[in-house]
Amino acid sequence: MVFSCRSDFTPRLLGNFIIRAALLLLIPVLVTEAEERVAWTTSQIEGSPDPPLPYTAEVIWPHITFDEGLDLTFLESEERLFVTERFGKIWMLPADLNAHPEKAELVADLGQFIPEFRFVYGLTFHPKFRENRELFVFYTVTRSEDESTTRVSRFLMDDRLNLIPSSEELIVTFGGGGHNGGDVQFGPDGMLYFPVGDLAPPSPPDLHNDGQNMRTLASTIVRIDVDRKDPGLAYHIPEDNPFVNHEGVRPEIWAFGFRNPWKMCFDPVHGDIWTGDVGWELWEMVYRVEKGGNYGWSIMEGPTPTKPDQPMGPASISPPTLYYPHTEGASITGGFFPSSSRLPALKGKYIYGDYVTGKVWALEWNGKRVVSNELIADTRKKIVTFGKDPEGDLIFMNHPNESRLYRLAPNPKTGATNHFPKRLSQTGIFGNVTREETNPGVYAFSIQAPMWQDGYQSRYWIGIPGKDRFPSNWIENRGVPLIRWETSPGTVAVKTIHSGHNRIETQILHFDGYWNGYTYRWNDDQTDATLVPKEGLDTIIADKPYRFPSRDECIRCHGSNFNWTLAFYPSQLNREGQLDRFFQLGVVDERFVEMGRKHPLVNPYDESANLDQRSRSWLHSNCSHCHRRSGGTSTTTQMNISAPNDLMALIDTLPAKGFFGMEKAPNIDPGDPYQSVLYYRMATKGAGHMPMVGAKTLDREGIRLIHDWVRALDPSTPMAEASMTPKNVEEALALYHKIQTGALSQAEIKRAIAACLNHSDPFVINLFAGFSPP
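Residues numbered from 1 in each chain as written. Predicted model: local features only at pLDDT ≥ 70, side-chain atom pairs only at ≥ 80, totals over all residues. Heavy atoms only, no water.

1. A word on the overall build of the protein
Here is the rule: Working definition: helices are DSSP H or I runs of at least four residues, strands are E runs of at least two. Numbering for both runs from the N terminus. The quantity called the radius of gyration is restricted to C-alpha atoms. Its globule counterpart is 2.2 Å times the number of residues to the power 0.38. Residue contacts are defined here by distance: any two heavy atoms, one from each residue, within 4.5 Å place the two residues in contact. In this description, accessible areas are obtained by the Shrake-Rupley approach with a 1.4 Å probe, and a residue is regarded as covered only by the protein chains that are shown. Only four residue types enter the tally: Lys and Arg on the positive side, Asp and Glu on the negative side; His and the chain ends are excluded. One atom stands in for each charge, and that atom is NZ of Lys, CZ of Arg, CG of Asp or CD of Glu.
The helix and strand inventory of the protein stands at twelve helices and 38 strands. Relative to a compact globule of 774 residues, whose C-alpha radius of gyration would be 28 Å, the protein shows 27 Å and is just as compact. If one aligns the C-alpha atoms of the protein with their principal axes, the spans along those axes are about 85 × 65 × 55 Å. Restricting to contacts in the protein with at least 6 residues of sequence separation, those with at least 24 account for 59%. For the protein, the accessible area works out to roughly 31,800 Å², and carbon and sulfur atoms hold 50% of it. With 76 positive and 95 negative side-chain charges, the protein shows a spacing of 3 Å between the two charge centroids.

This is the structure:
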């Protein structure tokens, strides 16, 4: 799929490329008579089946980019806008969005003067900044390999608005480790507020059970007075904080029970706090926060019980003001109430977005309840933060690479007539849809390493309106070569999922500047297929649950930040002369062909192939659409086939989302699959299962393949032995493997599963949740 490309060749790579490219130019001479390229001219796919949304994303300064920007802060007294990057740089821009700055001005690099600096999450300026020059920064420092400490510090700025490193005064410090929150702000009452997450990895949920533990600042919103100091503190605790006189409760707490409150704001009319709380497995939440409120985590995730047996904090649980499921988005970003007159329909509404899907909503609150919640934009940007300009207009920033500033603008397509094809036969892809005979310009292809699809198979096509080549470029990320290529507008990638002769669905990716996903369900007569609603569809096929994906779910794997087709990919096409064919046809260029040959895939289920190649091919096909550069996950692993084993950030690296009951277990422990988090997450159908989206069933062959590969990395490594009554997760994984490989009788399997489902360790139970023996 499409990337905006640039060349990052090193001289050595460039020299090798020139030699290989010269050889590639000889390809047409070595193959049979050239096939003539035909343009696809019958496409009827245009626009969207849904009415155009009222707003779209408009970039403010296209030439100004940031590296993992996380926060936007407006300093009113100086009419300046500050952008904070995750790794510690703070940049300054004019607050006037009509200005024409050549570049942003660096005012601080925290990593250069704070020992063991790790990440910065937010900053804010004192309401009396012009008088006292104070700003407050929320950041973390490394305490050990997998632990961090969070700090909120006061700094001073000089007259040129440069941060003075020597001026740091530590205000408050507490734990770290994940889910930090960090959107530090002054309220209309002059108090300093900041949200804190549960300070734990994403899974298992609330690892330290701090969501309702009021002895820590985890999972809370904190309120302190930084203009006064209590004895022994660098701040004063306001007397009207709700838990000042509660024994065993930190008096700084204003509200509690949050998982990861990501960005907050104050209602300019009522002064209420609003925040978006990032959910766990099911929901994303919006909260209107009240004094002393309990918002449920981790007893509840939104409306759903999560860990209901733990003690509740000193307040009853308040429900979310609004929540949405993970079929619509997967990581909420809290927003603001715009007060600008530029977009009058949004004035006074709470505007918030989703990091994964790039969607933006406008919530209207009448003081007592939600009056409306309208989806207003599909930006396809990974919205990490919102901010405001001097006029009260809303701005936002994408993440992680080449972060830019955007604002909403009226969508010129609003009100356009919709003629999107409702049946597959109307798309212009197939001349005869019943026999799947394609129109000229639509080319069939096959792939080398199919992903697991619950045992179903797939056929593939690509339709290209013009005759232009897809120009491509190599880039290098952390030593790993990657390829980007530009696709012609109107191109479609097509996949029909079938079981034998019975076709289930045909999925279409259509490129109109972004890739958009649609799926068509085949009728019982196998004569045509009908467009599935945008919400997707859960049904039963052949007595098994089947999910037709929603359009939002399509975006999660084919979104703008990675923006590629998973099947029409160099390494997947490296079979049966397909790379040569598409080069001859003028579809792909030399770089595309070279990438496919340099990093070949194999069929993971072909036992005659090399074990390492098979395993890496399985990981590429099933995991790398998210676990790669700009894949949208919270980890830095690179499972794409072009990453050598030592650069995957997977072997001997600690997981970002918990150990699942295995003490300090890495993602992959060479030689020991039973001490490898990757193997556990593939094996379980319970919480933490990977891949997170897609197949409903376990790929038993794939699980065994990864088991054998991990073992082969160092066969001398000792590992746990299976036990019918396992003492821990490691022994349970060994028992799981014996069941999967048919080493136990049916009676033994039944007894083993029963023992594990009644185990005292919740991670052993989770391993066998929903498990079906072979």
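Here the narrative resumes, following the displayed structure.
2. A closer look at the side chain of Glu505
Here is the rule: Between buried and exposed lies partly exposed: a residue is buried under 20% and exposed over 50% of the maximum accessible area for its type, with that area taken using a 1.4 Å probe on protein chains only. For this analysis, a salt bridge means a side-chain nitrogen from Lys or Arg found within 4 Å of a carboxyl oxygen belonging to Asp or Glu. Pairing of N or O atoms within 3.5 Å defines a polar contact, subject to two protein rules: one partner must be a possible hydrogen donor and the other a possible acceptor, and residues neighboring in sequence count only if both atoms are side-chain atoms.
On the secondary structure map, Glu505 appears in strand β34 (residues 502-511). Of the side chains with opposite charge, Lys495 lies nearest to the buried Glu505, which makes no salt bridge, at 7.6 Å. A distance of 2.5 Å separates polar atoms of two side chains, one belonging to Glu505 and the other to Tyr546. When sequence neighbours within four positions are dropped, the list of residues in contact with Glu505 reads Lys495, Thr496, Ile497, Thr519, Tyr520, Trp522, Tyr546, Arg547, Phe548 and Pro549.

3. Quick look at the environment of Glu78
Mapping Glu78 onto the fold places it in the loop between β2 (69-75) and β3 (80-85). In sequence terms Glu78 and Phe568 are 490 residues apart; their C-alpha atoms lie 51 Å from each other. Reaching out from Glu78, the side chain makes a polar contact with the side chain of Ser77 at a distance of 3.4 Å.

4. Details of the layout of surface pockets
A probe matching the size of a water molecule, rolled over the atoms, marks out where space remains unfilled. Threshold: Using only the protein atoms, space was sampled on a 1 Å grid; points where a 1.4 Å probe fits but cannot get out form cavities, open sets with protein on both sides within 12 Å along at least five of seven lines form pockets, and lining residues are those with an atom within 4 Å of a point. Grid points are joined across faces, edges and corners, and a volume is the space filled by probe spheres set on the points. Ten residue types, Ala, Val, Leu, Ile, Met, Phe, Trp, Tyr, Cys and Pro, are classed as nonpolar, four, Asp, Glu, Lys and Arg, as charged, and the remainder, Gly among them, as polar.
Reported here for the second largest pocket is a volume of approximately 1,400 Å³. A per-element tally of the lining of the second largest pocket places strand β1 (residues 55-59) first, with four residues. The residue inventory of the lining of the second largest pocket, partitioned by class, reads 18 nonpolar, 14 polar and 13 charged.

5. Some points on the sheet that holds strand β4 (residues 89-94)
Note the cut-off: We treat two strands as partners when DSSP finds at least two bridges between them. Only the stretch in contact is used when fitting a helix axis, every axis being a line fitted to C-alpha atoms; angles between N-to-C directions are given from 0 to 180 degrees.
Spatially, four strands are ordered β2-β3-β4-β5 in an open sheet, and the strand pairing comes out antiparallel. Pairing within the sheet leaves two strands with one partner each, and these edge strands are β2 and β5 (105-109). When strand polarity is set aside, the average angle formed by the axes of neighbouring strands in this sheet is 25°.

6. Digging into the packing of aromatic side chains
Under the convention used in this document: By convention, a stacked pair of Phe, Tyr or Trp rings (six-membered ring in the case of Trp) has centres within 6.5 Å and planes under 30 degrees apart, an edge-to-face pair has planes over 60 apart, and any other such pair is tilted.
Going through the model one piece at a time under the given rule, you end up with 48 aromatic pairs. Their ring planes at 55° and their centres at 6.0 Å tell us that Phe386 and Phe396 sit as a pair that is tilted. Of this pair, Phe386 sits in strand β24 (residues 383-388) while Phe396 is found in strand β25 (residues 394-398), placing the two residues ten residues apart along the sequence. Residues Phe660 and Phe763 carry aromatic rings whose centres are separated by 6.1 Å and whose planes lie at 75° to one another, so their mutual orientation is edge-to-face.

7. Some remarks on the pattern of salt bridges
For the structure on display, the rule yields 29 salt bridges. Between Arg288 and Asp272 there is a salt bridge whose closest N-O contact spans 3.0 Å. Here Asp272 lies in the loop between β14 (261-266) and β15 (273-277) and Arg288 lies in strand β16 (residues 283-289), a separation of 16 residues in the sequence. For Arg404, the salt bridge goes to Glu402, with nearest N and O atoms at 4.0 Å. Because the salt bridges share partners, they merge into one network encompassing Glu134, Arg154, Glu169 and Lys229.

8. Things to note about the pairing of strand β33 (residues 492-499)
For β33, a buried count of seven out of eight residues is recorded, marking the element as mostly surrounded by other parts of the structure. Where β33 meets β34, eight bridges bridge the pair, whose relative direction is antiparallel. Bridge pairing in β34 links Val492 to His510. Hairpin remark: β33 followed by β34, antiparallel, with two residues in the connecting loop; positive phi at Gly500, about 65°.

9. With respect to the confidence of the model for the protein
How we decide: The predictor reports its confidence for every residue as pLDDT, a score running from 0 up to 100.
Overall, the prediction assigns the protein a mean pLDDT of 90, with 93% of residues at 70 or greater. Here residues 1-32 is modelled with pLDDT under 50, and outside its nearest four sequence neighbours on either side it reaches 64 contacts, counting other chains as well.

10. Here we look at the sheet that holds strand β29 (residues 442-445)
Spatial strand order, β29-β30-β33-β34-β35-β36: six strands in an open sheet with antiparallel pairing. On the outer flanks of this sheet lie β29 and β36 (529-531), each paired with one strand and no other. This sheet shows a mean twist of 25° between the axes of neighbouring strands, independent of strand direction. Bridge count for β29 against strand β30 (residues 457-463) is four bridges, and the pairing is antiparallel. Across the sheet, residue Tyr443 finds its bridge partner in β30, namely Ile462.

11. Quick notes on the pairing of β15
Buried residues dominate β15, accounting for five of its five residues. As defined by bridge partners, β14 adjoins β15 across four bridges and the pair is classed as antiparallel. Across the sheet, Phe266 pairs through a bridge with Ile273, a residue of β15. Remark: six residues form the turn of the hairpin made by β14 and β15, two consecutive strands paired antiparallel; Gly271 in that turn has positive phi of roughly 80°.

12. Points about the nonpolar core
One broad trend across soluble globular proteins is that nonpolar side chains are buried collectively. The condition that has to hold: In these notes, a set of buried Ala, Val, Leu, Ile, Met, Phe, Trp, Tyr and Cys residues joined through side-chain atoms within 4.5 Å is what counts as a nonpolar core.
Of all hydrophobic cores here, the largest spans 62 residues; its most connected members are Phe194, Tyr352, Ile376 and Leu408. Contact partners of Ile376, with chain neighbours within four places excluded, come to Leu53, Pro54, Tyr55, Leu346, Ile351, Val360, Trp361, Ala362 and Leu408. Core analysis: the next-biggest nonpolar cluster, separate from the first, contains 44 residues, Leu482, Leu650, Ile706 and Ile749 among them.

13. Details of the packing of helix α9 (residues 700-713) against helix α10 (residues 729-740)
Quick reminder of the rule: Orientation is classified from the angle alone, with under 35 degrees giving roughly parallel, over 145 giving roughly antiparallel, 65 to 115 giving roughly perpendicular, and any other angle giving oblique. Left-handed is the label given to a crossing in which the near helix is rotated counterclockwise from the far helix by less than a right angle, and right-handed is the label when the rotation is clockwise.
Where α9 contacts α10, the axes come no closer than 11 Å and their chain directions differ by 125°. As far as their axial angle goes, α10 and α9 are oblique. Crossing geometry of α9 relative to α10 is assigned as left-handed. On α10, the residues that touch Arg700, Ile703, Arg704, His707 and Asp708 of α9 are Tyr736, His737 and Gln740. Tallied by class, residues from the contact of α9 with α10 come to two nonpolar, three polar and three charged.

14. Some words on α9
Because each turn of an α-helix spans 3.6 residues, side chains separated by three or four positions in sequence point in the same direction. Heads up, the rule is: By definition here, a helix of n residues has an expected span of 1.5 Å times n minus one.
Look at α9: 20 Å from first C-alpha to last across 14 residues, which is about the 20 Å you get at 1.5 Å a residue. Within α9 the residues assigned to the buried category are Gly702, Ile703, Leu705, Ile706, His707, Trp709 and Val710. Summarising the contacts, the buried residues of α9 are in contact with α7 (611-623), α8 (677-683) and α10.

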